[in-house]
Amino acid sequence: MSRVAAALAGVAPGEALREGGPAVAGARPDATVTPTSVEQLAGVLKVASAQGFGVVPVGGGTDPGPVPPLEPFVVLSTRGLRGVETYEPADLTMSAWAGTTLGEVGDVTGAHAQWLPFDPPSMPTRTLGGLAATGVRSPLCASYGAPRDHILGLTLVTGDGRVLRLGGRVMKNVAGFDLVKLLVGSRGTLGVVVSVTVRLFPRPEREVALVMEADRAEDLVAPARAVSTAPVLPASAVLAAGFRTTAAGGAARAASLVVRVAGAPRTVAADAARLQAHVGGSFRTVEGVEAAALFEDLRDHAAAGEAVVRMASLPASVGDLLAAVAAVPGPVHVLADAMAGTVRMAAEGLSGEAWAELRGVAARLGGGCVLERGPLELLDVPGASPDDSRVEALTSELRARFDPSGVLWRGRSP
Amino acid sequence: MVGRDHVITEAGRLLVYESDGLSAYRWPPRAVVLPASAEEASGVLRLLHAEGIPVVPRGAGTGLSGGALAPEGAVVVGTARMNRILAVDPPNRLARLQPGVLNTRLSDAARPFGLYYAPDPSSQAACTIGGNVAENSGGPHCLKYGVTSRYISGLTLAMVDGELVQIGGAGRDPEAGYDLVGLVVGSEGCFAMVVEVEVRLLPLPEAVRTLLGIFESVEDAARAVTAVIGEGLLPAALEIIDQGTIRAVEASVYAAGYPTDAGAALVVEFDGTQAGLDEDARRAEACCLAAGAREVRRARDATERLALWQGRKKAFGAMGRVAPDLLVQDATVPRTRLPEVLGRIGEISRRYDLTVGNVFHAGDGNLHPNILFDRRNREELERVEKASKEIMAVCVEAGGTITGEHGVGVDKRGYMRLVHGADEIEAMRGVKAVFDPRGLFNPGKVLPDEEAP
Ligand SMILES: Cc1cc2nc3c(=O)[nH]c(=O)nc-3n(C[C@H](O)[C@H](O)[C@H](O)COP(=O)(O)OP(=O)(O)OC[C@H]3O[C@@H](n4cnc5c(N)ncnc54)[C@H](O)[C@@H]3O)c2cc1C
């Protein structure tokens, strides 16, 4: 038994502890712990803090990021903490353990015609804890808001094993500093989220997809921009390249603009008509199970591949981002969020030059460019980054407050 | 640095700055400085920091928890002159502005582009965006659209030592790094001074439908709220005005034509695409009638809409005229607990022989039990304090919290331990210390005193 596993045997007995485990971004854990209680989980962090080995919290394992943690470390899985704690449909709120998957949440809320309106890749296998930890943005945020806006409260175990109950389960809450916002998107660097309370939404009665296709993505930039400045806000609007909409009865064209419109039946028809009129071009309308299948395909589009890159800018610059990814050699898959001005690109292989080029474009636009997944060598390619030294200082001091021994996600910045 | 005229030290001119919307307190500041730009604010803070002088940022002073009060020896840095809208960017639906811009002025500036700024505190004609950011303010239409934090995409801060730091920004990667913008929104001026704000704008809704349900009791009105939400409807606003408040409004110059024998009135508003609104309104009307509404009025035009809203919008103003002082309370409970909590608040007010008027954002479960009193009557003041504390305890017991939108300030520091444990409060203290290690920024606010060991 490794030193680390031996140290943990006292706090996480039997089933909860296993030597080794699947690699995280190529790094091998000494052990994988799956606590079944908050006390056990806090115990693991206390031992790690005392003994000085690293801890990497993992939920669904769908979004590990490219940077491997420093060794030695253990993987701390939240999958032993699952299930709904409280669900009050009339309040549109739910509290559930962090290891509960979004698919499981959807099953429970769906029975009451409610949902959590987020659509990141691999949505059903992501966990609620992971949703809080990543704060992941997805196209539906355009109309519904982001996870940060709807996570009402969470329970956190800090790096040194303190259990903090942050926020609450009410819609509006300004009782003290908003530590929930600090935690959402902190990617496991401040603590392990063990339970989450979210605001839910009534599931729209009807959803349709307005689809426009073209041979080249750039031909769809103007209509996409028209959608994102239209007087009516769609549920989401994405532009996909390298995506085949044959499943939805369309021709296999190289690029498609898909506008999602949701609401009561009459509203959907009127909104769709207003969007058509504003954009001018002609959309094909896809509905029912076909539309549902299309949304699911788009959700996971451009999320798998050897390299996955996320770029951000203002909505008006989405065409520039698309031009930049179109210039990457080789076949790429692209999903642009027309409302947010972000682009996700997946490629089988990405050269150092192409990566540097993408970062250059993002920097010129004052935006961002992040490697979500990809070969480690790319991270060594130098690139211009804005001077954020005070922000970096604040970041590391905040981190030290929550994880004083620095055990969480060693080797990675948030 | 800012010009002689913009440094106020004479007692007479300081009077305006000795209190805010929490009328029971008077704390005269040592001086008031009014910079006109981020750079000037930065210079002022650098100087005060070098001298070790505590700072209190201040917007319009409409805050209801005493956040802008100046503790002994503190200098107020006001944003009254930082009132320029720097850019409206319709293609990206953004605006950049200085913190002293009034909330309504922002929406006025956006309207010609078919856009508006969603969070609409009832004080919107008087309060500043900087104050809204500091308090994470809400408003009647936050039920559908969410509170301030959802609309703030970037901030420029003047840190305690004067350094200017930009955080967030709509064009930057929203998932990179910690959400410092989210952390600073709602920090009640305790972390840094907000010197520039970037906000998201929304397209103006095509149409609006407004209903007013008249109920025999406030509990019935609250049940109607639950029924409307249970229908899967998402109104833009769901606001309740109780009998005491209706009577105050009707007795005032703001008389809105609400029946004074009614137990409560409920404003229901839908906005969005014209086509679906009548159906939404019909379903909401049915919910009101099923919950026992004696009558449901429907606005046919903009004038009638204003009339239906009048009683809600003028509620604080009218209540304020009934007695010398009004304590505007604020708490949130899960929506389904409203009927029970309102009943218990009624019981508490009777027990302490106080007049409490409820006017509130019912859809969010955000209560405002407002207590009328006379601050010169010490014995009454004591009853007010006791009743307030009991009301807070009732809300917390029901799974709620001690403030939904007005903030903790000085007013609710004593209640913080009702909702937070010692570790949570220490964590907040630790985060404050990261921004303000010497405790010079708005000291004595939000966090309760440290517990004696
Ligand atoms: C009649 C009435 C109705 C109201 N209705 C609502 C409502 O519906 N919803 C709601 O949420 N609130 C409401 N309020 C409360 C109040 O208007 C809000 O809290 C408002 O946001 C305060 O803005 P202000 O400019 O007056 O800020 P101030 O009162 O001047 O300051 C409030 C706090 O913000 C800090 N602050 C101000 N400017 C800055 C800055 N630039 N940087 C850092 N900190 C700063 C101050 O230090 C203080 O802690 C109401 C108040 C009144 C009097």
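Keep in mind the model is a prediction, meaning the values are calculated, not measured.

The rules behind the values
One numbering rule holds for all chains: residues counted from 1, following each sequence as written. Both sets of labels track the order of writing: A upward for chains, 1 upward for ligands. Side-chain atom pairs in this predicted model are given and counted only at pLDDT of 80 or more, local residue features only at pLDDT of at least 70, and totals for whole chains, interfaces and linings cover all residues. To get the side-chain values, take all heavy atoms of the structure and skip hydrogens and water. Under the pairing criterion, centres of Phe, Tyr and Trp rings, with the six-membered ring standing for Trp, must be within 6.5 Å; the plane angle then separates stacked pairs below 30 degrees from edge-to-face pairs above 60, leaving the rest tilted. Each helix is a run of H or I in the DSSP string that is no shorter than four residues. Each strand is a run of E no shorter than two, and both are numbered from the N terminus. For every residue, the accessible area (1.4 Å probe, protein chains only) is compared with the maximum for its type, and the residue is labelled buried under 20%, exposed over 50%, or partly exposed between those bounds. The criterion is that NZ of a Lys, or CZ of an Arg, lies within 6 Å of the ring centre and within 35 degrees of the ring normal, and then a charge sits over that ring. Confidence of the predictor at the level of single residues is given by pLDDT, which spans 0 to 100. Note on contacts: a residue pair is in contact if any heavy atoms of the two residues lie within 4.5 Å. Note on definitions: buried area is the accessible-area loss of two parts on being combined, 1.4 Å probe, summed for both. Every case where a carboxyl oxygen of Asp or Glu lies within 4 Å of a side-chain nitrogen of Lys or Arg is listed as a salt bridge. Under this definition, polar contacts are N or O atom pairs within 3.5 Å; protein pairs additionally need one hydrogen-donor-capable and one acceptor-capable atom, and for neighbouring residues in sequence, both atoms have to be side-chain atoms. In the scheme used here, Gly and all other residues not listed as nonpolar or charged are polar, with Ala, Val, Leu, Ile, Met, Phe, Trp, Tyr, Cys and Pro taken as nonpolar and Asp, Glu, Lys and Arg as charged. In this analysis, strands are considered paired if DSSP registers two or more bridges between them. Domain start and stop positions are those given by an automatic or database domain assignment. When at least one non-hydrogen atom of a residue lies within 4 Å of a molecule or strand, that residue is treated as near it. Computed by Shrake-Rupley with a 1.4 Å probe, the accessible areas treat only the displayed protein chains as cover when residues are assessed. In this scheme, a helix's expected span is set at 1.5 Å multiplied by one less than its residue total. Think of it as the arc spanned by the lines of direction from the helix axis to the C-beta atoms. Under the counting rule used here, the positive set is Lys and Arg, the negative set is Asp and Glu, and His together with the chain ends is not counted.

1. Some points on the packing of aromatic side chains
In step 1: Per the counting criterion, the structure on display carries seven aromatic pairs over all chains.
In step 2: Arranged with centres 6.4 Å apart and planes meeting at 80 degrees, the rings of Y117 of chain B and Y151 of chain B form a pair that is edge-to-face. Taken together, the positions of Y117 of chain B in the loop between β7 (115–116) and α4 (129–135) and Y151 of chain B in the loop between α5 (142–145) and β8 (152–158) put the pair 34 residues apart, joining distant regions of the chain. As far as burial versus exposure is concerned, Y117 of chain B and Y151 of chain B are alike and both buried.
In step 3: Three or more aromatic residues joined by ring pairs make a cluster, and in this case those are W115, Y144 and F201 of chain A.
In step 4: Seen from the ring of W115 of chain A, R203 of chain A lies directly overhead, with NZ or CZ sitting 4.1 Å from the centre.
In step 5: We note K313 of chain B situated over the ring of W309 of chain B; from NZ or CZ to the ring centre the distance is 5.2 Å.

2. With respect to the confidence of the model for chain B
In step 1: Put simply, chain B has an average pLDDT of 95, and 100% of its residues get 70 or more.
In step 2: Under the prediction, the complex receives an ipTM of 0.96, its pTM being 0.96.

3. With respect to the interface of chain B and chain A
In step 1: With 84 residues of chain B in contact, the opposing surface of chain A contributes 75 residues.
In step 2: Summed over both partners, the interface of chain B with chain A buries about 6400 Å², with 57% contributed by carbon and sulfur atoms.
In step 3: As a salt-bridge pair, R390 of chain A and D161 of chain B come within 3.0 Å of each other at their nearest N and O atoms.
In step 4: On inspection of chain B and its partner chain A, the count reaches 31 residue pairs in polar contact (both at pLDDT 80 or more).
In step 5: Contributing elements (two or more residues each) for the side of chain B that touches chain A: β9 (164–168), α6 (180–184), β11 (202–203), α7 (218–230), α9 (274–290), α14 (416–419) and α15 (422–435) of chain B.
In step 6: In terms of residue count, the dominant contributor to the side of chain B that touches chain A is α15 of chain B (10 residues).
In step 7: Classifying every residue of the side of chain B that touches chain A gives 37 nonpolar, 28 polar and 19 charged.

4. Things to note about the pairing of strand β6 (residues 93–97) of chain A
The two faces of the sheet receive side chains in turn, since in a regular strand these alternate between them.
Residues and elements named next belong to chain A.
In step 1: Extensive coverage of β6 is indicated by the burial of four of its five residues.
In step 2: Relative to β6, strand β5 (residues 84–88) runs antiparallel, the two sharing four bridges. Note that in β6 the partner of Y87 across the bridge is M94.
In step 3: In this structure, the hairpin formed by β5 and β6 is closed by a connection of four residues, where L92 is found at a positive phi of approximately 55 degrees.

5. A look at the domain arrangement of chain B
Residues and elements named next belong to chain B.
In step 1: We note that the domain assignment places domain 1 (1–204), domain 2 (207–317) and domain 3 (323–439) within chain B.
In step 2: In this complex, domain 1 contributes seven residues to the contact, which on the side of domain 2 involves 11 residues.
In step 3: Summed over both sides, the interface of domain 1 with domain 2 buries roughly 840 Å², with 56% coming from carbon and sulfur.
In step 4: The largest contributions to the domain 1 side of the interface with domain 2 come from H141, L143 and K144, which together make up 59% of the buried area.
In step 5: The tally of links from domain 1 across to domain 2 stands at one salt bridge.
In step 6: The salt bridge partner of K144 is D271, with a shortest N-O separation of 2.8 Å.
In step 7: The interface formed by domain 1 and domain 2 contains three residue pairs in polar contact (both at pLDDT 80 or more).
In step 8: Class assignment for the residues of the side of domain 1 that touches domain 2 results in four nonpolar, two polar and one charged.

6. Overview of the site of the ligand
All names here are of chain B.
In step 1: Near the ligand lie 34 residues; those nearest to it are P57, G59, T62, S123 and T128.
In step 2: Between the ligand and T62, the relevant distance is 2.6 Å, taken from an oxygen atom to a side-chain nitrogen or oxygen of the residue.
In step 3: In this structure, G63 approaches the ligand through a main-chain N or O atom, which is 2.8 Å from an oxygen atom.
In step 4: Protein chains bury 93% of the 970 Å² of accessible surface belonging to the ligand in isolation.

7. A word on the environment of V332 of chain A
Residue and element names in this part refer to chain A.
In step 1: If you trace the backbone, V332 turns up in strand β17 (residues 332–337).
In step 2: A residue is classified by how much of its surface remains accessible, and V332, at 18% relative accessible area, is buried.
In step 3: Through-space distance from the C-alpha of V332 to that of A302 is 8.0 Å; in sequence the pair is 30 residues apart.
In step 4: The contacts of V332, once residues within four sequence positions are left out, are A241, G242, V325, M345, A346 and A347.

8. Regarding the environment of G320 of chain B
In step 1: Tracing the sequence through the fold places G320 of chain B in helix α11 (residues 315–322).
In step 2: Residue G320 of chain B is classed as partly exposed on the basis of its relative accessible area of 32%.

9. Description of helix α2 (residues 38–51) of chain B
Residue and element names in this part refer to chain B.
In step 1: Look at α2: 20 Å from first C-alpha to last across 14 residues, which is about the 20 Å you get at 1.5 Å a residue.
In step 2: Within α2 the residues assigned to the buried category are A38, A41, S42, G43, V44, L45 and L48.
In step 3: Just beyond α2, the residue with positive phi is G52, at close to 70 degrees.

10. Thoughts on helix α12 (residues 352–364) of chain A
Residue and element names in this part refer to chain A.
In step 1: The end-to-end C-alpha distance of α12 is 18 Å, a good match for the 18 Å that 13 residues give at a rise of 1.5 Å each.
In step 2: A354, W355, L358, V361 and A362 are the residues of α12 that are buried. Taken down its axis, α12 places every buried residue within 125 degrees of arc, on the same side. Opposite the buried face of α12, at more than 90 degrees from it, the exposed residues are E353 and R364.
In step 3: Among the residues trailing α12, G366 stands out with phi positive, at a value near 75 degrees.

11. Some details on the side chain of K445 of chain B
All names here are of chain B.
In step 1: Of note, K445 is situated in the segment after α15.
In step 2: Among buried Asp, Glu, Lys and Arg side chains, K445 stands out as unpaired, with D20 the closest opposite charge at 6.9 Å.
In step 3: Of note is the side chain of K445, whose polar atom sits 2.6 Å from the backbone oxygen of L69.
In step 4: Looking at K445, its side chain comes within polar contact range of the side chain of N442, at 2.5 Å.
In step 5: Contacts of K445, omitting those with residues within four sequence positions, involve W27, V56, G66, G67, A68, L69, P71, C190, G409, V410 and R413.

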